[in-house]
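Structural description and commentary
Residues per chain are reported as follows:
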Amino acid sequence: MSAVANPATVAECLRVGAGFSQGDRNWIAEQFATLDARLAGFHADATELEVSVKDRNARGQKVTLECWVAGRQKIVTTSAEEDLHAALNDVRDDLRRRLNDAKTRQEPRHNKHLREIDQPEGVPAQAAERADAETV
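Let us look at the structure shown here. Please read these numbers as outputs of a predicted model, since none were measured by experiment.

Before going further, it helps to spend a moment on the overall build of the protein chain. The helix and strand inventory of the protein chain stands at six helices and four strands. The helix and strand sequence of the protein chain, counted from the amino end, reads α-β-α-α-β-β-β-α-α-α. Burial status across the protein chain gives 33% buried among its 136 residues. For the protein chain, the proportion of contacts with a sequence separation of at least 24, taken over those separated by at least 6, is 53%. Accessible surface, the protein chain: about 9,000 Å² in total, of which carbon and sulfur atoms supply 47%.

In structure tokens:
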């Protein structure tokens, strides 16, 4: 992946939505700090995160984390954990998994350089595979 001039960070891209106050923002940003490494591949001005909670501190609360990255589909993660801290960690981890899955989907599937094993000079990979199969 090429280097990004202004990499996205949680602190720069996070907005707090319904159920949270601006006072909660720093605490949430600290909880989501591990996303910085995953977000660094995207431009900060083309990336947005929004976290919200419905029915905070009540049974059945629902935490939602939405992520918009230019040129990609919006990713929405939710958690119904009763503990707010656990719910935030749940949506953070789910977003990290989904970003990793999206990155994997965009990488080339049939990259010859990833398939090649150390082969002697001048021996094509297919010929070496056939030779290995015949010796088994």
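Glancing now at the sheet that holds strand E4 (residues 75-79). The strand order E1-E2-E3-E4 describes an open sheet built from four strands, whose pairing is mixed. Across the chains shown, the open sheet's two edge strands, defined by having one partner strand only, are strand E1 (14-16) and E4. Looking at each pair of strands side by side, their axes are set apart by 15° on average, direction ignored. Of the pairings in the sheet, the one linking E1 to strand E2 (residues 47-54) comprises three bridges and is parallel in character. The residue bridging Leu-14 from the neighbouring strand is Leu-49, located in E2.

Let us look at the pairing of E2. As judged from the eight bridges shared by E2 and strand E3 (residues 62-69), these two strands associate in the antiparallel manner. From the neighbouring strand, Glu-50 faces E3, where its bridge partner is Glu-66.

The next thing to look at is the pairing of E4. Every second residue of E4 is oriented toward a common face, the buried set being Ile-75, Thr-77 and Ser-79 and the non-buried set Val-76 and Thr-78. Direction of pairing for E3 relative to E4: antiparallel, over a ladder of five bridges. The residue of E4 that forms the bridge with Thr-64 is Thr-78. The antiparallel pairing of E3 with E4 creates a hairpin that spans five residues between the two strands, and Gly-71 there sits at a positive phi of about 85°.

This part takes up unusual backbone geometry. With phi around 60°, Asp-55 is a residue other than glycine that occupies positive phi space. Inspection of the secondary structure assignment puts Asp-55 in the loop between E2 and E3.

What counts as what
Residues numbered from 1 in each chain as written. Predicted model: local features only at pLDDT ≥ 70, side-chain atom pairs only at ≥ 80, totals over all residues. Heavy atoms only, no water. Helix = DSSP H or I, 4+ residues; strand = E, 2+ residues; numbered from the N terminus. Buried < 20%, exposed > 50% of the residue type's maximum accessible area, 1.4 Å probe, protein only. Contact = heavy atoms within 4.5 Å. Areas by Shrake-Rupley, 256 points an atom, 1.4 Å probe, with all protein chains shown as cover. Pairing = 2+ DSSP bridges. Axes fitted to C-alpha atoms, helices over the stretch in contact; angles between N-to-C directions.

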